[in-house]
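# Structure assessment
Okay, here's what each chain looks like letter by letter:
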Amino acid sequence: RWANKNEVYSAFNAQYTLIGKWLTSQPKEIPIYIIVNAGGVSVHVPGTNRTLPMPTQSIMFFTDSWTQKKQKEKNIFYILPQEISDISCPKSCVIITLETDYSLKEKIKKQIPDLHASISPGFPILKK
């Protein structure tokens with residue numbers, strides 16, 4: 001009975017699953033930046049000295065991008081909000097924030113002015 005309740009979708013972060021599944025169909029030539037602006041237990045990323053909040057793991061599971069090596073192969077970059085200056089988007093890119101944060105999106109658009117917002121995949125993205 002509880003599985004069909006609207007609250008379950010949000011409570012289990014089903015949007016992260018939607019993002020992960022969508023990313024698997026994207027061309028690897030376009031860099032994708034996932035801005036991890038969700039809290040959670042910090043988890044070590046294999047092949048790095050980094051940790052990222054646990055909500056990132058849902059997307060990493062669907063995209064098979066858990067290790068640093070796989071992230072490079074798939075052109076998927078997980079960054080924290082304070083690292084947005086590390087985004088490189090000379091020709092094209094896709095930027096996704098895990099959680100809605102309008103002030104963060106404005107900071108990103110100031111850094112990369114020719115980004116366009118879209119919700120066509122079923123969640124908000126910024127792309128060039």
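Preceding this section is the structure that the text describes.
Residues numbered from 1 in each chain as written. Predicted model: local features only at pLDDT ≥ 70, side-chain atom pairs only at ≥ 80, totals over all residues. Heavy atoms only, no water.

## Structural notes on the state of the cysteines
Should the sulfur atoms of two cysteines be covalently bonded, the bond is a disulfide. Short version of the rule: The term disulfide is used for any two cysteine sulfur atoms that are within 2.5 Å. The cut-offs for exposure are 20% and 50% of the maximum accessible area for each residue type, with area from a 1.4 Å probe on protein chains only; residues under the lower value are buried, those over the upper are exposed, and the others partly exposed.
Under the criterion given, the structure shown has 1 disulfide. A disulfide bridge connects Cys-89 with Cys-93, and the sulfur atoms are separated by 2.1 Å. Because the sign of the S-S torsion sets the handedness, a value of about -95° for the bond joining Cys-89 and Cys-93 places this disulfide among the left-handed ones. Judged by relative accessible area, Cys-89 falls into the buried class, the value being 8%.

## Brief notes about the sheet that holds strand β5 (residues 94-97)
How we decide: If DSSP finds at least two bridges between two strands, the strands pair. Only DSSP runs of H or I covering at least 4 residues are called helices, and only runs of E covering at least 2 are called strands; the numbering of each starts at the N terminus. As a rule, the C-alpha atoms of each element are fitted with a line to give its axis, helices using only the stretch in contact, and angles between N-to-C directions run from 0 to 180 degrees.
Strand order in the open sheet formed by 5 strands is β4-β1-β5-β7-β6, and the pairing between neighbours is mixed. Either end of the sheet is taken by a strand with one partner, and the two such strands are β4 (76-79) and β6 (116-118). Ignoring strand direction, the axes of neighbouring strands in this sheet form an average angle of 25°. Sheet topology note: the β5/strand β7 (residues 125-127) ladder contains 2 bridges and is antiparallel. Looking across to β7, one finds that Val-94 is bridged to Lys-127.

## Concerning helix α2 (residues 14-23)
Operational definition: Comment: arc refers to directions from the helix axis out to C-beta atoms. Residue contacts are defined here by distance: any two heavy atoms, one from each residue, within 4.5 Å place the two residues in contact.
Buried residues of α2: Tyr-16, Ile-19, Gly-20, Trp-22 and Leu-23, and no others. Down the axis of α2, the buried set is contained in an arc of 165°. They therefore lie on one face. In the core, the buried residues of α2 are packed alongside β1 (32-35), α3 (56-63), β5 and β7.

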